[in-house]
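So the chains spell out like this:
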Amino acid sequence: MNRIATRLLAVLAPAALLLPAAAHADQMTFDDAAGDGKAVNMAVALGGLLGGSTQEGPLLLDAPAETSTDVVRTTIDHARKRLTLTVQLRDLVDATGSSVEFRIVTPRGRYALTAGVMDGRTIADLSPLGRGGETVTVSEDGAVTVTVGPVEKPCRTVRARYDVAADTLTASAPTSCLGSPRWVKVAAGLSRTQVTPQADGSANIASFVDDAFRGGVSLESLGRSPKVRRG
């Protein structure tokens, strides 16, 4: 190494110590296209549930005017003790009838973190998905109970909050309830059902959906984030 290079390193080395440390990969933000949510074609959906429909057409329709379900950004904050997931909506006009299911993949298993508004209250739940085999129990009165995986204590500090002013939904759970994983991958599906009573006693039902990690909505699967490592 020549003398000039040696002097340059002598000057730069102390300065490098003053630079901010590189950010941990414990927080990542992902953008989603605005206006890519879908409306459920209720004539087709309800006809199928009732055993067939004469209605034809796609199950999902474009719904660019639906803003309360339209995700534009998702932030995954994978801190050491808590995983916090925040979705930014285009314009959260009304959270009534809204729900979101986060699918969380870890090195050891998969979980569903769900949140929604019921009777004016925001509720949240965390449950394992597909862990272990199925256990079938038949009681003396003939009732059949199917248990998937081991029985675990509920995670009592799962939280969720809709913020209409900020157009956000935030849900979180302790990382200990997820097995304290080294990394997570996250998928998120949002839905909103709007019921409008009519003068004749009937009601119009409208339903909207969006995928936070995919442009548009697939009937086969949800989009998924890359690995977000624990901070």
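Above: the structure in question.
Here is a short report on the structure shown in this document. (Residues numbered from 1 in each chain as written. Predicted model: local features only at pLDDT ≥ 70, side-chain atom pairs only at ≥ 80, totals over all residues. Heavy atoms only, no water.)

## Some points on the overall build of the protein chain
Then, in step 1: Within the protein chain, the regular secondary structure consists of 2 helices and 15 strands.
Then, in step 2: Of all intrachain contacts in the protein chain linking residues separated by at least 6 positions in sequence, the fraction that spans at least 24 positions is 60%.
Then, in step 3: Summed over its atoms, the accessible surface of the protein chain is roughly 14,100 Å², and 54% of this surface lies on carbon and sulfur atoms. (Helix = DSSP H or I, 4+ residues; strand = E, 2+ residues; numbered from the N terminus. Contact = heavy atoms within 4.5 Å. Areas by Shrake-Rupley, 256 points an atom, 1.4 Å probe, with all protein chains shown as cover.)

## Notes on a positive patch on the surface
Then, in step 1: On the surface, a cluster of positive charge is contributed by Arg80, Lys81, Arg108, Arg182, Lys227, Arg229 and Arg230.
Then, in step 2: Inspection of the secondary structure puts Arg229 in strand S15 (residues 228-229). (Patch = residues over 30% accessible without salt bridge, like charges linked within 9 Å, V, L, I, M, F, W, Y side chains within 5 Å. Salt bridge = Lys/Arg side-chain N within 4 Å of Asp/Glu carboxyl O. Lys, Arg positive; Asp, Glu negative; His and termini not counted. Charge placed at Lys NZ, Arg CZ, Asp CG, Glu CD.)

## A closer look at the layout of surface pockets
Then, in step 1: Within this model, the second largest pocket holds a volume of roughly 200 Å³.
Then, in step 2: Along the wall of the second largest pocket there are 13 residues; nearest its centre are Val209, Val217, Ser218, Leu219 and Leu222.
Then, in step 3: Every element with two or more residues in the lining of the second largest pocket is listed here: strand S13 (183-197) and strand S14 (203-211).
Then, in step 4: The element best represented in the lining of the second largest pocket is S14, accounting for 3 residues.
Then, in step 5: By residue class, the composition of the lining of the second largest pocket is 7 nonpolar, 3 polar and 3 charged. (1 Å grid on protein atoms, 1.4 Å probe; cavity = no way out; pocket = protein on both sides within 12 Å on 5 of 7 lines; lining within 4 Å. Points joined across faces, edges and corners; volume = space filled by probe spheres on them. Nonpolar A, V, L, I, M, F, W, Y, C, P; charged D, E, K, R; others polar.)

## Some words on empty space enclosed by the protein
Then, in step 1: Within the structure shown, the criterion is met by 1 cavity of 30 Å³ or more.
Then, in step 2: Roughly 50 Å³ of volume is contained in the largest cavity.
Then, in step 3: Around the largest cavity, the lining residues are Ser68, Thr69, Leu89, Leu92, Ser98, Ser99, Tyr162, Leu190, Ser191 and Arg192.
Then, in step 4: Sorting the residues of the lining of the largest cavity by element identifies strand S6 (98-105) and S13 as the ones contributing at least two each.
Then, in step 5: In terms of residue count, S13 provides more of the lining of the largest cavity than any other element does, 3 residues in total.
Then, in step 6: Among the residues making up the lining of the largest cavity, the classes are represented as 4 nonpolar, 5 polar and 1 charged.

## Description of the environment of Ala115
Then, in step 1: One can find Ala115 in strand S7 (residues 110-118).
Then, in step 2: Overall, the relative accessible area of 4% leaves Ala115 in the buried class.
Then, in step 3: Each C-alpha atom, one on Ala115 and one on Tyr162, is 9.3 Å from the other, the two residues being 47 residues apart in sequence.
Then, in step 4: Setting aside its immediate chain neighbours within four residues, Ala115 contacts Ser98, Ser99, Val100, Ile123, Ala124, Ala160 and Tyr162. (Buried < 20%, exposed > 50% of the residue type's maximum accessible area, 1.4 Å probe, protein only.)

## Observations regarding the pattern of salt bridges
Proximity of charged atoms lets side chains of opposite charge pair with each other.
Then, in step 1: Per the counting criterion, the structure on display carries 7 salt bridges.
Then, in step 2: With a closest N to O distance of 2.4 Å, Lys38 and Asp62 form a salt bridge. In this pair, Lys38 is assigned in strand S2 (residues 38-40) and Asp62 in strand S3 (residues 60-62), connecting sequence segments 24 residues apart.
Then, in step 3: For Lys38, a relative accessible area of 19% translates into the label buried.
Then, in step 4: Relative accessible area serves as the criterion here: at 61%, Asp62 is assigned to the exposed category.
Then, in step 5: Among the salt bridges present, the one from Glu101 reaches Arg103, with a minimum N-O distance of 2.3 Å.

## A short note on the nonpolar core
Then, in step 1: In this structure, Ile76, Leu85, Phe102, Ile104, Leu113 and Leu126 are the most contacted members of the largest nonpolar core, which totals 30 residues.
Then, in step 2: Elements that contribute at least two residues to this core include exactly strand S4 (71-78), strand S5 (82-89), S6, S7, strand S12 (168-174) and S13.
Then, in step 3: Every residue in contact with Ile76, bar those within four places of it in the chain, is listed here: Asp26, Gln27, Met28, Phe30, Leu83, Thr84, Leu85, Val184, Val186, Phe213, Ser225 and Val228. (Core = buried A, V, L, I, M, F, W, Y, C linked by side-chain atoms within 4.5 Å.)

## Some details on the pairing of S5
Then, in step 1: Pairing between S4 and S5: 7 bridges, direction antiparallel. Opposite Arg73, over in S5, you have Gln88 as the bridge partner.
Then, in step 2: Two strands pair when backbone bridges link them, and S5 and S12 are joined in this way by 7 bridges, in the antiparallel orientation. Pairing of Val87 across the sheet is with Leu169, part of S12. (Pairing = 2+ DSSP bridges.)

## A look at unusual backbone geometry
Then, in step 1: Of note in the backbone geometry, Asp167 takes a positive phi value of approximately 60 degrees without being a glycine.
Then, in step 2: Mapped onto the elements, Asp167 comes out in the loop between strand S11 (159-163) and S12.
Then, in step 3: A relative accessible area of 16% places Asp167 in the buried class.
Then, in step 4: Notably, Ser180 is not glycine yet its phi reads approximately 50 degrees, a positive angle.
Then, in step 5: Relative to the elements of secondary structure, Ser180 occurs in the loop between S12 and S13.

Read these as spatial facts, not as claims about activity.
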